[in-house]
Structures are given as C-alpha cells and as structure tokens.
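# Examining the three-dimensional arrangement
What follows is the residue order along each chain.
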Amino acid sequence: MIYVGIDVAKDKHDCCIVDSDGVIINDCLRICNSSEGFELLYTSILSALSGENISNVKIGLESTGHYSTNLQNYLYAKGFRLYILNPLATNLFRKAQTLRKTKTDKTDALVIAKMLFSDDAKSYSPVSYQIQELKSLTRHRYRMIGYRSKLKISITRLIDIIFPELPKHVWSIHQNSSYCLLTELSSPKDIASCHLTKLTNILNKSSQGRYGKAKAIEIKEAASCSIGMSVSSLSFELKQTIRLIQSVQTEIDALDAQIKKVVIETNTPLMTIPGISYTLAAIILSEIGDIDRFTTPAKLLAFAGLEPSTYQSGKYNASHTPMVKRGSTYLRWAMLTASRTVTMRDETFALYLSKKRDEGKHYYVAMSHVAKKLTRTIFYLLKTNTAFVPQM
C-alpha cells in the first residue's frame, strides 16, 4: 500500500509518498498548481507503485476550501481513493508526534501521509451537481449579504451626521420609504423647505399608504429644528450608498430565484418541514453534502458544531458546558435560524421549546436544544428520503 500526503497551498502543493512499512519513498516532491504539476504527481505515484494497481494508493489532503478543488477532481478522475482530513485533526496529530515546535509544509505532508495508516477516515466522493451548485450560490449569497450589511452601516453613520432625528420618526431608516425620502430629499434643509403636498406624496407612495400627511408634518417639523449637517458631499454619499444597496438587493433577489430553482430540482424532503424556506434548505443541503457521510445523528450534530463540550477530571464532572462550535459555521447558523422559524409553525417543536423554557433554560439555550432536535429530524428525513409529517 502506498500513502500520499499532500499539503495544499494556493500556488504549489508539497507531497510526501510513504509505503505501508513507514518508509519514506519521496518527501521532497513539490508540484505547481497547474496541469504540469498534476501530471508530475501522477507519474511519481505510478513510479512508486512499481506496476501495482492504483487501488493500493491512498491519497490524503486537508480540507482547505477552494485551493484543493481542482486537484481533487483531477485525482478522482484518475481513479485514486481520496481522503479529506480535518485540519484540526492533522494539527493535533502533528503536535503529538514531537515535543519540538516544528511546522513546515514538508512535515505537514508527512503527517497527512501517516494519518492515512488508520482506516477511520472515509474516502472522498464528489457530491451531486445540484449540491455543488447550491454550495456555490449560498456562499455567494452570504458574501452579498455581508456587503449589503456594510453599506447599511454606512447609511446609519451618515444619518447620524445629516439627520439624527429621523430614526425616531420612522420604523426603520432602512425601509423603502426612508430610502425614497432620502434619495429625493437628502438633507434636513431640503425636507424642511419641501412643500407639504410633495413630501406627503413621496411618503405615501413609497410606504404604500402607511405614511400620510400626519407623518409628513411630523418629519418636516423634525427637519426644521434638526442639528444635522446639510453638506452636499455627505448628501451625495448618502444617495449613492442608497443606490448601491438597492442594486445589491436586486442581485440578491435574482440569486434567491436561482437558488429556489435548484432546490426545486433536488426535490428535497426538507421543503416539507414547515418554516424552512428555499434559502435555508439550500444552505443545509449544500453544507451537509452527501448524507451518507454521517452514520449517526450525533456525527451530523458534531459537524454542525451543535454538540456540547464535555469536561471531566477525577471526581469532577462539569454540568454546564458550551457548544463546541466546530465544523460548518454556515450549517450551524442555518440550523439555529430554521429552529426559530420551525417553532413558529410546528406545534411539536413549539411545545419542545416551551418545555425547555419551563425547565429554566435561557431562550438561546432552549433554542439550541430545538436545533439539535431539528438536526436529528433532518438526518432521518434525508437518510430515508421521506417527507416531514407533523406529529400533532
């Protein structure tokens, strides 16, 4: 058996080839992240095999995001067995090998090769096309939401300078009516000097009738005695930032439509759970990937970082321990968010939340218990490919 450890980086990969006796065949193989480098690795592995079948090769890589994607696809297409290792596990394994503080790409590749000696790891298999699509789309959506949030923070900062009294008179400065008002009249001076009929029409139309003449008079009076600055440069920045937010929101809406389309193609049983939207279903599906990777619900809970940590020493056994919070941050967020919406629409989960609250648990602690219950439910639905059936 030949074991190949690969330490993945952006532009190059360090490789180490070891045989089943622990003898290092090649520990100085560095390949470029290119087709020539991939071919060099392939020929080096074949030469180490000495004519044996490639089924006698185990190749290990750390889970390093997108840097290893192309290499994984290349090696899998060649018929090799791949093993994707947790960087935390490889780090702990490396530290256990020596008391010296030694970490190089070369030693990391050797550590990964040695970890393959164990049969605990599961071999890598590519997920379906829809899951790959959903992962790409949901991660892109996450970045778009983050960009929109930064723009909204800028709006809040500008309002504090230009018209600090406005937030007291509207439900939110980020609602459509506030944006329309500030795009049309971007300073307290403009609002105060605006004719009441025009101001009323702007608010009434943008709020779909929720704000009328009374609200227009209220905002006009607040603008007339505002302490804010009517500076053209700040007004220009405010209007441009609002246009950016509206543009980003348009792209997010288009992204959500594409996500919905792919989720419908998967025909997933997650959509039968009341309270789980297309976006939440997409995040959960894309982060879990192939459900067969997890043999028990406990392993899925661990992957989501929802399992509690344990601490015991001697006679002491900690009774209050926090969640581990390792694994997929995106999956953990989706499960906790879905737990809140599911408890609003399903009686069984609502009663479970009430039970945990009656036990004296804090709301967020009780909600984490609901998330664990929901995770176990999702595990069963995906394993059996059955629809959710309300219990009450």
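All figures in this text were calculated on a predicted structure; none of them were measured in a lab. Numbering of residues begins from 1 in every chain and follows the order in which that chain's sequence is written. The predicted origin of the model limits local features to residues at a pLDDT of at least 70 and limits the giving and counting of side-chain atom pairs to 80 or more, whereas totals for whole chains, interfaces and linings rest on all residues. With hydrogens and water stripped out, all remaining heavy atoms of the structure feed into the side-chain values.

## Brief notes about the overall build of the chain
Applicable threshold: Runs of H or I in DSSP of at least four residues are treated as helices and runs of E of at least two as strands, each being numbered from the N terminus. Restricting the calculation to C-alpha atoms gives the radius of gyration, and the globule rule supplies 2.2 Å times the number of residues raised to the power 0.38. Note on exposure labels: buried denotes an accessible area under 20% of the residue type's maximum, exposed denotes more than 50%, and partly exposed covers the range between, all computed with a 1.4 Å probe on protein chains only.
When you go through the chain residue by residue, the secondary structure sums to 15 helices and 7 strands. For 392 residues, the compact-globule estimate of 2.2 N^0.38 gives 21 Å, and the chain exceeds it by more than 25% at 28 Å. The principal-axis extents of the C-alpha atoms in the chain amount to approximately 90 × 55 × 50 Å. Among the 392 residues that make up the chain, the fraction classed as buried is 42%.

## Quick word on the pairing of strand β1 (residues 2–8)
Let me state the cut-off plainly: A pair of strands counts as paired when DSSP detects no fewer than two bridges linking them.
With 7 of its 7 residues buried, β1 lies for the most part within the structure. Taking every second residue as pointing to the same face, both faces of β1 are buried, with Ile2, Val4, Ile6 and Val8 on one and Tyr3, Gly5 and Asp7 on the other. Note: β1 against strand β2 (residues 12–19), 7 bridges, orientation antiparallel. Residue pairing for β2: Gly5 is matched across the bridge by Cys16. In this structure, the hairpin formed by β1 and β2 is closed by a connection of 3 residues. Where β1 meets strand β4 (residues 57–62), 5 bridges bridge the pair, whose relative direction is parallel.

## Topic: the environment of Thr279
Our working rule: Any two residues whose heavy atoms approach within 4.5 Å are treated as being in contact.
Here Thr279 is to be found in helix α11 (residues 278–288). Judged by its relative accessible area of 17%, Thr279 falls in the buried class. Sequence-distant contacts of Thr279, defined by excluding residues within four places in its chain, comprise Arg141, Asp256 and Ile259.

## Considerations on unusual backbone geometry
Both trends apply: most residues other than glycine have a negative phi, and most peptide bonds are in trans. Although it is not a glycine, Ser50 sits at a positive phi angle of roughly 55 degrees. Despite not being glycine, Gln208 shows a phi value in the positive range, around 55 degrees. Take Gln208: it is sitting in the loop between α8 (196–206) and α9 (213–224). Judged by its relative accessible area of 69%, Gln208 falls in the exposed class.

## Describing the packing of helix α3 (residues 87–97) against helix α4 (residues 105–115)
Spelled out, the test is: Interaxial angle, 0 to 180 degrees, is taken between N-to-C directions of lines fitted to C-alpha atoms, where a helix line uses only the stretch in contact. An angle counts as roughly parallel when it lies under 35 degrees, as roughly antiparallel when it exceeds 145, as roughly perpendicular when it falls between 65 and 115, and as oblique in every other case.
Contact geometry of α3 with α4 gives a least axis separation of 10 Å together with a crossing angle of 100 degrees. In terms of orientation, α3 lies roughly perpendicular with respect to α4. Between α3 and α4, the contacting residues are Ala89, Thr90, Phe93 and Arg94 on the first element and Asp108, Val111, Ile112, Lys114 and Met115 on the second.

## Structural notes on the nonpolar core
How we decide: Working definition of a nonpolar core: buried Ala, Val, Leu, Ile, Met, Phe, Trp, Tyr and Cys residues. They are joined through side-chain atoms within 4.5 Å.
If you look at the biggest cluster of nonpolar residues, it comprises 71 residues, and the most contacted ones within it are Ile273, Ile276, Ile284, Ile288 and Ile378. Apart from residues lying up to four places away in sequence, Ile284 is in contact with Leu270, Ile276, Leu331, Ala334, Met335 and Ile378. Grouped together as the second largest cluster of nonpolar side chains are 23 residues, Ile2, Leu29, Ala48 and Leu75 included.

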